[in-house]
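Commentary on secondary and tertiary structure
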Amino acid sequence: MSSFWHDAGSKFNPISSIDYLPRNFLEDIQLHRLQNMVKRVYDNVPFYRQRMDENKVKPEHIQSLKDIKYLPFTVKTDLRDTYPFGLFASPMNEVVRLHASSGTTGKPIVVAYTKEDIDVWCNVMVRSLSACNVDRGDIVQNAYGYGLFTGGLGLHYGVETLGATVIPISGGNTDRQIMILKDFNVTVICCTPSYFVHIIERANELGIDLKSSPLRVGIFGAEPWSEAMRQYIEREANIKAFDIYGLSEIIGPGVGNECICQNGLHIFEDHFYPEIIDPETLEPLPDGEEGELVFTTLSKKAMPMIRYRTRDITSFYNEPCPCGRTIRKIRKISRRSDDMFIIRGVNVFPSQIETALLTVEGSTPHYQIKLTREHGLDQMEIQIEVTKEMFSDRISEMEKLQNKFVQSIERIINIRANVRLVEPHSIPRSEGKAKRVVDLRKI
Ligand code: DLL
């Protein structure tokens, strides 16, 4: 670990100093921000005012951080029900950016940022990058997708604010990624962990030795990945691999990040107040117990979130971190409490697939999604039962139908899936919850 510090020649980044505050200072900041934010949403967002009125809680009832438990929860379907702009707390002429992420059906969920929100995002991204020892002088290849997904632009402006060099290559075109990585002497790569495994495999095929390149850090997130995967990546590419966590509803990447101890993710608690609750009883859990992560944004202006249920399952660390940061740590996210899965960094709900396939004439609501990983790349096969009338002997008819499904699915989730049409009654029926997703990927 010490040679890693020295090799990088890292300096202490002043923006990160807030990560080391005594807890009582931090908690004063949190309470002050929480009170302002609750008043702001109560005054500006009819949805929150109504929910708070139903719960009989007024902004002035929030006298301590513990009082957060009186506030109502927010869930993904609330964003769908207020689509597209119903949760905004700022007028449109203060909103400078919109992003979007998967909703549970055909429509995405929309998130908004004011100029100040973008500054907060840059601030937490600088702290994330500094936590994994990235600094000015680093050349950062940003292979997260640019566009409505928060990964690309989130990392991009963080790297620029830090003063390191960003290469905005976005995702895909692996051979070009490898060429740039080598030719530009890239020292840091940002992408999903599964995509980096694919880059490693392709580089091997091309006879390019990543181990001897200047690449020294990888910042991987947007999907769950295991310790075993970290070890594989670190060994095969001779880099340090760090976990970055975030979600669009809260800000995007940079809600939390590992430090060089690589043992849990620090949450940037001065902006995002974390709780861990029992997903059944919705009661806060004692520290250290595993449950669902919930966030309240403390400084977001355009689209604050109150007690947003992430569906991500984790637990808090109780022990102080040897790195000296006083902000709390969570364990790596291992799974979700709902049926959302992440493929090639894109969030997908089975209900979206269902919406897509039921718009095609001749489909039945019997389908199964099979996920596999080949050469580090996620593959999705969707088996769809079609009606007896549609299950035709004519190959050309079947191909036409298959294409309709592929296109309909692509329109909704932006991913081209392999579709296999199967005979009526060939997908196993279940007596309880239908098993829609068979995930054979080894994460
Ligand atoms: O995935 C933001 C992001 C971009 C994070 C780039 C990190 C790097 P969404 O598309 O809204 O936002 O997806 C959020 O992805 O609730 C988790 O289920 C999952 N997720 C994100 N980061 C991690 C991670 C971005 N490090 C959803 N480990 C979250 C496990 C992750 N799951």
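This is a predicted model, so every value here is computed, not measured.

Among the surface-exposed residues, Phe 85, Met 92 and Leu 98 lie close enough to one another that they form a single nonpolar patch of about 260 Å² accessible area. Position of Leu 98 relative to the elements: it lies in strand E1 (residues 95-101). For Leu 98, a relative accessible area of 35% puts it in the partly exposed group.

Quick look at the pattern of salt bridges now. Under the defined criterion, the tally for this structure stands at 33 salt bridges. For Arg 325, the salt bridge identified is with Asp 19, shortest N-O distance 3.6 Å. One end of the pair, Arg 325, is in the loop between strand E12 (308-314) and strand E13 (329-330); the other, Asp 19, is in the loop between helix H1 (2-8) and helix H2 (23-44), and 306 residues separate them in sequence. According to the relative accessible area criterion, Arg 325 is buried, its value standing at 9%. Residue classification places Asp 19 among the buried residues on the basis of a relative accessible area of 0%. Between Arg 394 and Glu 397 there is a salt bridge, with the nearest N and O atoms lying 3.3 Å from each other. Judged by its relative accessible area of 52%, Arg 394 falls in the exposed class. Several salt bridges share partner residues, and in doing so they unite Asp 19, Arg 33, Arg 127, Asp 270 and Arg 325 into one network.

For the rest of this paragraph, the subject is the nonpolar core. Residues Ile 219 and Phe 295 are the most contacted members of the largest nonpolar core, which totals 74 residues. Sorting elements by how many residues they give to this core places helix H5 (residues 115-131) first, with eight residues. For Ile 219, the contacting residues outside a window of four places in its chain are Leu 129, Cys 132, Val 134, Tyr 144, Val 188, Ile 189, Cys 190, Cys 191, Phe 242, Ile 244 and Asn 257. With 25 residues, the next largest nonpolar core counts Ala 356, Leu 371, Ala 417 and Leu 421 among its residues.

For the rest of this paragraph, the subject is the packing of aromatic side chains. By the definition in use, this model includes six aromatic pairs. Geometrically, the ring pair formed by Phe 47 and Tyr 48 is edge-to-face, given 5.3 Å between the ring centres and 75° between the ring planes. Taken individually, Phe 47 and Tyr 48 each receive the classification buried, so the pair is uniform in this respect. Connected via pairs of aromatic rings, a cluster forms that spans Phe 196, Phe 220 and Trp 225. Looking at Arg 328, its charged tip hangs above the ring of Phe 316, at a distance of 3.8 Å from the centre. The ring of Tyr 317 is capped by Lys 329, whose NZ or CZ atom sits 4.7 Å from the centre of that ring.

Moving on to the pairing of strand E2 (residues 109-114). Counting buried positions over the six residues of E2 gives six, a clear majority of the element. On E2, burial covers both faces: Ile 109, Val 111 and Tyr 113 on one face and Val 110, Ala 112 and Thr 114 on the other are all buried. As judged from the six bridges shared by E1 and E2, these two strands associate in the antiparallel manner. Directly across from Arg 97, in E2, lies its bridge partner Tyr 113.

Once that is clear, we can look at the side chain of Ser 16. Mapping Ser 16 onto the fold places it in the loop between H1 and H2. The class for Ser 16 is buried, based on a relative accessible area of 2%.

For the rest of this paragraph, the subject is the domain arrangement of the chain. Its domain assignment divides the chain into domain 1 (1-337) and domain 2 (340-439). Taking only C-alpha atoms into account, the centre of domain 1 sits 31 Å from that of domain 2. Buried area between domain 1 and domain 2, summed over both chains or domains, comes out near 1,300 Å², and the portion from carbon and sulfur atoms is 54%. The largest contributions to the domain 1 side of the interface with domain 2 come from Ser 102, Thr 104 and Arg 336, which together make up 29% of the buried area.

With respect to spatial proximity, 22 residues lie near the ligand, and among them Asp 243, Ile 244, Ser 248, Asp 312 and Asn 347 are the closest. The side chain of Ser 248 places a nitrogen or oxygen atom 2.6 Å from an oxygen atom of the ligand. One of the side-chain N or O atoms of Arg 336 is found 3.0 Å from an oxygen atom in the ligand. The set of elements that each furnish at least two residues to the shell around the ligand consists of helix H6 (150-162) and strand E7 (240-247).

How each quantity is defined
- Residues numbered from 1 in each chain as written.
- Predicted model: local features only at pLDDT ≥ 70, side-chain atom pairs only at ≥ 80, totals over all residues.
- Heavy atoms only, no water.
- Patch = residues over 30% accessible without salt bridge, like charges linked within 9 Å, V, L, I, M, F, W, Y side chains within 5 Å.
- Areas by Shrake-Rupley, 256 points an atom, 1.4 Å probe, with all protein chains shown as cover.
- Salt bridge = Lys/Arg side-chain N within 4 Å of Asp/Glu carboxyl O.
- Helix = DSSP H or I, 4+ residues; strand = E, 2+ residues; numbered from the N terminus.
- Buried < 20%, exposed > 50% of the residue type's maximum accessible area, 1.4 Å probe, protein only.
- Core = buried A, V, L, I, M, F, W, Y, C linked by side-chain atoms within 4.5 Å.
- Contact = heavy atoms within 4.5 Å.
- Phe/Tyr/Trp six-rings, centres within 6.5 Å; stacked < 30°, edge-to-face > 60°.
- Lys NZ or Arg CZ within 6 Å of the ring centre and 35° of its normal.
- Pairing = 2+ DSSP bridges.
- Domains from an automatic or database assignment.
- Buried area = accessible area lost by both parts, 1.4 Å probe.
- Near = heavy atom within 4 Å.
- Polar contact = N/O pair within 3.5 Å; in protein donor to acceptor, adjacent residues only side chain to side chain.

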